[in-house]
Amino acid sequence: MKYNAIYLDCFAGISGNMLLGALLDAGAPAEFLRAELAKLPVTDYEVNIKRVEKGGISACYLDVAVDEAAHSHRTLADIISIIDNSELKAAVKTTAKEIFTRLAAAEAKVHGVEPETVHFHEVGAVDSIVDIVGIAWALDYLGIEHIYASRLHVGNGFVECCHGLMPVPAPATAELLHGIPHYQGDIKKELVTPTGAAVLATLAKGFGLMPDQFVSSQIAYGAGTWDLDIPNVVRLYLGIMHVPPVTEQPGESDEATQCLVVETNIDDQSPELYGYVMDKLFAAGALDVWVTPIQMKKNRPAAKLSVLITEDCREKIAAIILNETTAIGMRFYPVTRTTASREFIIIGLPWGDVKVKISSYQGKICNVAPEYEDCRRIAEEAGVPLKVVQHVALKEAMSFC
Ligand SMILES: O=C([S-])c1cc(C(=O)S)c[n+]([C@@H]2O[C@H](COP(=O)(O)O)[C@@H](O)[C@H]2O)c1
Ligand code: NI
């Protein structure tokens, strides 16, 4: 599978206007951007776009000049309504709203309030609406399907904002960067802004070195405002991401196979033994093991131990049952087993990689299942609820199917 993709090299961080500048440099036409922005019920701003040189690199610099008198505080609902009350394409609206919703959640966490009551101050200003809607439009215009980014250089020191001086990364940025690799370095500037972090936290599929499966065909640069000791640009690689399914075990055919079910009824065994016996049965080649509560002779509550096996491990399984349980006999039934074929792909989530099992029956996908153990591991590492990791993993995996 091939996807139009970008890889963002964030050695000088990332902000909304840096990314939008880079997307314009990559080919999204400035006049189309202005026409799209004109669809928003927002006025009193001017988008200035120019070429600048930052540390010897020619880059596109985009700046939104806002009429200060028009600067107001807005809630998430206000911003969503501005976006909804426009003639923008549905996909652009959805992306922009997702980014703002993520930003609101981060602000809410920092200020100890509900996302609905967050008042965006700087981020509610027209420049953030322009940046976020502009980015959503430019990604759609360029047909970008996958976004990857390097570790983020976030900067150091303090930044002046409406709350007064805040540590870098700004608290909302820090919230958004959970699970995303980043470093501070020595530059005493805010290099990653809340908007830049919100865009990547919402849209990027993976972070770190450029993925091996990514092949670039063009490079574009978006400039930041400051002049730094390093080129203050975000480097955008435009290219193709090749995502072959990673088959980790030979795809089992979905033809029927002959198996045996081994069964025995046990009414005199300590429950402690069942887990131990199960492990031994699996290690000896059992395809499945299950225990069913039953009512036996003399009206005794008991258990039926069932083991699904292939003929070749019949003797080993019988020996384990007779040696490790209190049963002194067992029965064998021939059964026909049909299985879906399976293959595994690895998907990159903001918090780490997850293996996903894709099962097919008669040539059609019948189930997609992120591996529980991978989801559990990254949920624990990133401090994110397991159900959120499973949900995001499934959503990402479905986009490959
Ligand atoms: O306005 C608010 S509430 C605000 C909160 C925070 C927190 O981290 S909390 C940070 N800031 C600063 O505003 C500017 C604008 O950021 P953009 O992403 O819109 O470019 C930036 O310096 C933030 O650190 C504002
Ligand atoms: Ni804030």
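In short, a report on the structure.

The rules behind each value
- Residues numbered from 1 in each chain as written.
- Chains lettered and ligands numbered in written order.
- Predicted model: local features only at pLDDT ≥ 70, side-chain atom pairs only at ≥ 80, totals over all residues.
- Heavy atoms only, no water.
- Helix = DSSP H or I, 4+ residues; strand = E, 2+ residues; numbered from the N terminus.
- Contact = heavy atoms within 4.5 Å.
- Phe/Tyr/Trp six-rings, centres within 6.5 Å; stacked < 30°, edge-to-face > 60°.
- Buried < 20%, exposed > 50% of the residue type's maximum accessible area, 1.4 Å probe, protein only.
- Pairing = 2+ DSSP bridges.
- Axes fitted to C-alpha atoms, helices over the stretch in contact; angles between N-to-C directions.
- Salt bridge = Lys/Arg side-chain N within 4 Å of Asp/Glu carboxyl O.
- Core = buried A, V, L, I, M, F, W, Y, C linked by side-chain atoms within 4.5 Å.
- Parallel < 35°, antiparallel > 145°, perpendicular 65-115°, else oblique.
- Nonpolar A, V, L, I, M, F, W, Y, C, P; charged D, E, K, R; others polar.
- Arc of directions from axis to C-beta.

### Looking at the overall build of the chain
Okay, step 1: Tallying secondary structure elements over the chain gives eleven helices and 20 strands in all.
Okay, step 2: Within the chain, contacts between residues at least 6 apart in sequence are counted, and of these 70% link residues at least 24 apart.

### With respect to the packing of aromatic side chains
Okay, step 1: All chains considered together, the criterion is met by three aromatic pairs.
Okay, step 2: Between Y7 and Y237, the ring centres sit 6.0 Å apart and the planes meet at 55°, which makes this aromatic pair tilted. Here Y237 lies in strand β13 (residues 233-242) and Y7 lies in strand β1 (residues 2-9), a separation of 230 residues in the sequence.
Okay, step 3: For Y237, a relative accessible area of 13% corresponds to the buried category.
Okay, step 4: Judged by centre distance (5.8 Å) and plane angle (85°), the rings of F32 and Y141 are edge-to-face. Here F32 is found in helix α2 (residues 30-37), whereas its partner Y141 is found in helix α5 (residues 126-141), with 109 residues between them in sequence.

### Things to note about the sheet that holds strand β16 (residues 300-309)
Okay, step 1: Taken together, four strands build an open sheet; the order of strands is β15-β16-β14-β17 and the sheet is antiparallel. Looking at strand neighbours, the two that pair on one side only are β15 (288-296) and β17 (331-338), the edges of this open sheet. The average angle at which neighbouring strand axes cross in this sheet is 30°, direction not considered.
Okay, step 2: Judged from the seven bridges that link them, strand β14 (residues 256-266) and β16 form a sheet pairing that is antiparallel. Bridging across to β16, T264 finds its partner in L305.
Okay, step 3: Relative to the sheet, helix α8 (residues 272-283) contacts β14, β15 and β16, its axis offset from that of β15 by approximately 140°.
Okay, step 4: Along the sheet, helix α9 (residues 314-324) makes contact with β14, β16 and β17, crossing β16 at roughly 160°.

### Thoughts on the sheet that holds strand β20 (residues 364-370)
Okay, step 1: The three strands lie next to each other as β18-β19-β20, forming an open sheet whose pairing is antiparallel. Each of the sheet's edge strands pairs with one partner strand only, and the pair in question is β18 (341-349) and β20. On average, adjacent strands in this sheet sit at an angle of 25° to one another, irrespective of strand direction.
Okay, step 2: In the sheet, strand β19 (residues 352-361) pairs with β20 via six bridges, with the strands oriented antiparallel. Of the residues in β20, the one forming a bridge with S359 is N367.
Okay, step 3: Sitting on the sheet, helix α10 (residues 372-382) touches β18, β19 and β20, and the angle it makes with β19 is about 160°.
Okay, step 4: Strand contacts of helix α11 (residues 386-398): β18, β19 and β20, with the helix running at about 110° to β18, the strand carrying the most contacts.

### So, the pattern of salt bridges
Okay, step 1: All chains considered together, the criterion is met by 16 salt bridges.
Okay, step 2: Between R376 and E380 there is a salt bridge; the shortest N-O distance is 3.6 Å. Highlighted residues: R376 and E380, both in helix α10, separated by four residues, approximately one helical turn.
Okay, step 3: When its relative accessible area of 57% is taken as the criterion, E380 is described as exposed.
Okay, step 4: Through salt bridges that share partners, E263, K304 and R331 make up one connected network.

### Details of the environment of A220
Okay, step 1: Take A220: it is sitting in strand β12 (residues 214-223).
Okay, step 2: Residue class for A220 comes out buried when judged on its relative accessible area of 1%.
Okay, step 3: Between the C-alpha atom of A220 and that of A22, which follows or precedes it by 198 residues, the distance is 5.6 Å.
Okay, step 4: Those residues in contact with A220 that sit more than four places away from it in its chain are A22, D25, A26, V234, R235 and L236.

### Examining the nonpolar core
Okay, step 1: Counting 65 residues, the largest nonpolar core has I6, L8, F100, L200 and L236 as its most contacted members.
Okay, step 2: Among the elements that take part in this core, α5 stands out by supplying ten residues, more than any other.
Okay, step 3: Every residue in contact with L200, bar those within four places of it in the chain, is listed here: L8, C10, I14, I147, A149, L152 and F207.
Okay, step 4: Y237, V243, I345 and V389 belong to the second-largest nonpolar core, a separate cluster that totals 25 residues.

### Points about the packing of helix α3 (residues 76-84) against helix α4 (residues 90-111)
When two helices pack together, their arrangement is given by the angle between the helix axes and by the axis-to-axis distance.
Okay, step 1: Where α3 meets α4, the closest approach of the two axes is 10 Å, and the angle between their N-to-C directions is 170°. Between α3 and α4, the angle is such that the two are roughly antiparallel. Every residue of α4 that contacts α3 at L76, I79, I80, I83 and D84 is listed here: K93, A96, K97, F100, T101 and A104.
Okay, step 2: Considered class by class, the residues forming the contact of α3 with α4 number seven nonpolar, one polar and three charged.

### What about α3?
Okay, step 1: Within the sequence span of α3, burial applies to L76, I79, I82 and I83. Taken down its axis, α3 places every buried residue within 125° of arc, on the same side.
Okay, step 2: Elements in contact with the buried residues of α3: β4 (74-75), α4, β5 (119-120) and α5.

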